[in-house]
Amino acid sequence: MDRIPKHIAIVMDGNGRWAKRQNRPRFWGHKRGVERVRSTVEGCLDLGVEALTLFAFSTENWKRPEEEVSFLMGLFVSSLNKEVKRLHKNGIRLRIIGETGRFPQQLQEAIIEAEMLTQHNSKLFLNIAANYGGRWDITKATQQLCRHVAEGKLDPEKVTSELLHQQILLSDLPEPDLFIRTGGEQRISNFLLWQMAYCELFFTDLYWPEFDREALKVAIDSFAERQRRFGRTGDQLKAESK
């Protein structure tokens, strides 16, 4: 079990390109991507993963065609309404992280209802990053510390990385151990920049609709083979394990 990552973060890339390869519209790819989310959540639950964070919609995704953005918002609402009872039944807590105030009112209400229903669950912490950006996350945390300084509640000289960490989203969970990106691209794309400081990276050419349980197992097996030193030497780790 110590070789199973406690927290997995995934950039679900390639829905549109996969659909194009099937001679289908991009919308069809996004629908199939939602189905893959379900199987990935079930796989993590079965393996004993504690937390799963999925990058669903970045702050940069607003630049996409208006028709596609509108479709994604509607798909988000319908997916929440369809899946939340299943998540709750399986003991999964759902959180949406990001600047949700920009979303349509219907979506904001669906998010609140889903989070309230599942808030006491603990078998798996499922976080959906929507209208999220890593730089935005760090900026908001910094602003909060600045407010504390301005109000006289905090000495600027006492500001530490730990204090900043406490203001960062998901600070109550283990930091991601394994980052997976599908779709062939090899970049982080402004995702969990603070949280992934010591994360192991895994990139696959599979498009997200192709990422099944076997692909998840391949990523986790790759993680299990790595020696995580956190600044120490391999010899030190061997000595500590004796």
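Data block above holds the structure.
Residues numbered from 1 in each chain as written. Predicted model: local features only at pLDDT ≥ 70, side-chain atom pairs only at ≥ 80, totals over all residues. Heavy atoms only, no water.

A.B. asks: Talk me through the sheet that holds strand β1 (residues 7-11); I want residue IDs and the actual numbers.
C.D. replies: Backbone-to-backbone hydrogen bonds join strands into a sheet, with any given pair of strands oriented parallel or antiparallel. Strand order in the open sheet formed by six strands is β3-β4-β2-β1-β5-β6, with parallel pairing between adjacent strands. The strands lining the two open edges of the sheet, one partner per strand, are β3 (92-97) and β6 (200-203). Looking at each pair of strands side by side, their axes are set apart by 20° on average, direction ignored. Two elements, strand β2 (residues 51-58) and strand β4 (residues 124-132), share seven bridges in a ladder whose sense is parallel. Across the sheet, the residue bridging to Leu54 is Ile128, located in β4. Across the sheet, helix α3 (residues 66-89) lies against β2, β3 and β4, angled at about 155° from β3, the strand it touches most. (Pairing = 2+ DSSP bridges. Helix = DSSP H or I, 4+ residues; strand = E, 2+ residues; numbered from the N terminus. Axes fitted to C-alpha atoms, helices over the stretch in contact; angles between N-to-C directions. Contact = heavy atoms within 4.5 Å.)

A.B. asks: Give a detailed account of the packing of helix α2 (residues 26-47) against α3, specifying residues and quantitative values.
C.D. replies: Geometry of a packed helix pair, given as the angle between the helix axes and the separation of the axes. Viewed as axis vectors pointing N to C, α2 and α3 meet at an angle of 25°, and their least axial separation amounts to 11 Å. The orientation of α2 with respect to α3, classified from their angle, is roughly parallel. Handedness of the crossing formed by α2 with α3: right-handed. Residues Arg26, Phe27, His30, Lys31, Val34, Arg38 and Val41 of α2 lie in contact with α3, whose contacting residues are Glu67, Glu68, Phe71, Leu72, Leu75, Ser79, Lys82, Glu83, Arg86 and Leu87. Residues belonging to the contact of α2 with α3 are distributed by class as follows: seven nonpolar, two polar and eight charged. (Parallel < 35°, antiparallel > 145°, perpendicular 65-115°, else oblique. Left-handed = near helix turned anticlockwise from the far one by under 90°. Nonpolar A, V, L, I, M, F, W, Y, C, P; charged D, E, K, R; others polar.)

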